[in-house]
Amino acid sequence: MPLGNQKHLFEIPHDVVWLNSASQSPCLHASAEAGRRAVSRKAQPWDPERHRIDGEIEACRELLAGLIGASGDDIALTLTTSFGLAQAAANLPLAPGQDVVVLAEQFPSNYYVWKRLAQRSQARLRIVPRPENFDWTSAVMDAIGPACGLVALPNCHWTDGSLVDLEKVGGLCRDRGIPLVVDATQSMGASPTDVGRIGADFVVVSAYKWLLCPDCTGFSYVAPHRQQGQPLELNHRPRAGAPPMTQRIGYSDRFDAGARRFDMGASNSMIHVPMVKAALEQLTRWGVGEVARTLRPLVDEIAERAVEAGYTVPPARFRIGHFIGLRGSGPPPPDLDRRLAARGVYISLRGGAIRVSPYLFNDTRDVESLFAALRAEAA
C-alpha cells in the first residue's frame, strides 16, 4: 500500500517546498548521521571503524542489487553516469555503418559517449525525434532497423518524464541480438526496475537523485555475459590473487568475481559509502514499488492541475509516475526557477519544460503552493 508522508525522515524546513528531486534529493537524517560518523573516522585514521569499509561496500552492492532484481556480483561502484557509460561503450562492439539509437535531446552524458563511439567506429548516431504524442516506445522500436548495432536509452526523458517501455525495447533488442545500455538515473529508486525483465547489457545510475545518496556516488549493473570485459581503470582493489602489500609488492592479472573489476578508483570512500548504505537500507525498507505507488497520485494531481492551467503534459499512459514536465505555449521565462525559489517553491527548467519532481516529503499542500506561485508569477 502507498506510504504515508515521510518528511520526518528528512531535514526540510516547513517553509521549503522541494519539488526538485530529479535534480538533487535531500539527504535522509540517517544518511547524514552516517556521514558525520564517517567524517570522524576520516579525521582520525587510526579509528578501527575504518576497517569496516570493505563490508560496507559489499553491503551496498547487495542492497542495490536487491532493488533491481540482480545479484551483488553484478554490481560495480562507478560513482558517475558518464563513467559507467564510458565503460559500457569501451566493451561493446560496433561495426562501420551500424546505427546507435538514442533519443532526441537525451541527457548529455548519455549522448556524447555514443557520438564519440559512432565517430570512432565509422557508425551513425540515429536520433529518434520527439514524438508529438509522447509515445517514445513506438518511436524507438520503429528506429531499431536492420542496421542497428546498439541502443542507448533512459527509462524516461529527463526533461518531462515521458516514458520509454524498456521491457518492450529490451525484448526487441534480445530478439535481434542488439546490445542495450540504460541510463536509469531518473528512474531507479522511484520506479520499479527489473534488470532481468529488461535484459540490458549495462544499466548505469547516478545515485544522488532518486536513490537518496550523496554526490559522487553511483552504480553500474553489468550483465553476467559482459563481466569478462575490460575496465577503464586498472587499479589494485579488484585484483584477485595479488599478495598483500604489507610484506612485498605484488601484482595479479586476475580480477575478483563478477562486476567488481568495473569498480571506479576511490569507490572505497570512507565518507560516501556509509551514507550510501544508510540510504539504500531505507529504500529497501520502503520498497521501490511502494515509493512509486505513493508518488504517482501526486504526479497525477500535478498533471491535472497543469492541464487546467493551460499547460501540456505527457498523458498518463506515456509518462513515468514520479516526475513530470509542464510545457506552455512557449518556453518559460529563463529565471522562473529563481523567481519560484524566492517564494519557497523549488523546481527546475529543463528543455523548455517546467520539471516538477516530488518525493515522499511532499503532499497536496505543496502542489497548491506550486500552482499558487505559478499564478502569482504569471500575473
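Here, every reference points to the structure presented above.
These numbers come from a predicted model, not from an experiment. (Residues numbered from 1 in each chain as written. Predicted model: local features only at pLDDT ≥ 70, side-chain atom pairs only at ≥ 80, totals over all residues. Heavy atoms only, no water.)

Participant: So what exactly am I meant to see when it comes to the nonpolar core here?
Facilitator: One recurring pattern in soluble globular proteins: nonpolar side chains tend to sit buried together. Counting residues in each nonpolar core, the largest one holds 67 residues, and the members touching the most others are Val-151, Leu-211, Phe-219, Leu-280 and Tyr-359. Among the elements that line this core, the one with the most residues is helix α2 (residues 53–68), at 8 residues. Excluding anything up to four places from it in sequence, Phe-219 contacts Cys-60, Leu-64, Ile-75, Ala-76, Leu-77, Thr-78, Val-203, Val-204, Val-205, Ala-207, Val-276 and Leu-280. Residues Ile-302, Val-345, Leu-370 and Phe-371 belong to the second largest nonpolar core, which totals 22 residues. (Core = buried A, V, L, I, M, F, W, Y, C linked by side-chain atoms within 4.5 Å. Buried < 20%, exposed > 50% of the residue type's maximum accessible area, 1.4 Å probe, protein only. Helix = DSSP H or I, 4+ residues; strand = E, 2+ residues; numbered from the N terminus. Contact = heavy atoms within 4.5 Å.)

Participant: Just checking my understanding: could you explain the sheet that holds strand β6 (residues 180–183) for this structure?
Facilitator: Through backbone hydrogen bonds, the strands of a sheet pair up, either in parallel or in antiparallel fashion. The strand order across the open sheet built from 7 strands is β2-β8-β7-β6-β5-β3-β4, with neighbouring strands paired in mixed fashion. The open sheet is flanked by β2 (75–77) and β4 (124–128), the only strands paired with a single partner. Neighbour-to-neighbour, the strand axes of the sheet open up by a mean angle of 20°, direction not taken into account. Lying over the sheet, helix α3 (residues 81–90) contacts β6, β7 (202–206) and β8 (218–222), oriented at roughly 165° with respect to β7. (Pairing = 2+ DSSP bridges. Axes fitted to C-alpha atoms, helices over the stretch in contact; angles between N-to-C directions.)

Participant: Explain the packing of helix α1 (residues 29–43) against helix α8 (residues 272–286) here, please?
Facilitator: Between two packed helices, the angle of one axis relative to the other and the distance separating the axes together describe the packing. For the pair α1 and α8, the least separation of the axes is 8 Å and the interaxial angle reads 160°. In terms of axis orientation, α1 runs roughly antiparallel to α8. Between α1 and α8 the crossing geometry is right-handed. In contact with Ala-30, Ser-31, Ala-34, Gly-35, Ala-38 and Arg-41 of α1, α8 contributes Pro-274, Met-275, Ala-278 and Ala-279. Taken together, the residues that form the contact of α1 with α8 break down as 7 nonpolar, 2 polar and 1 charged. (Parallel < 35°, antiparallel > 145°, perpendicular 65-115°, else oblique. Left-handed = near helix turned anticlockwise from the far one by under 90°. Nonpolar A, V, L, I, M, F, W, Y, C, P; charged D, E, K, R; others polar.)

Participant: Teacher, can you tell me more about α2 here?
Facilitator: Three- or four-residue spacings in an α-helix give side chains the same orientation, since the helix completes a turn every 3.6 residues. Helix length check: α2, at 16 residues, gives a terminal C-alpha distance of 23 Å against a target of 22 Å (1.5 Å per residue), a fit within 8%. Looking only at α2, the buried set comprises Ile-53, Glu-56, Ile-57, Cys-60, Arg-61, Leu-63, Leu-64, Ala-65, Leu-67 and Ile-68. Check the buried side of α2 and you find it contacts α1, β2, α7 (195–198), β8, α8 and α9 (288–308). (Expected span 1.5 Å × (residues − 1).)

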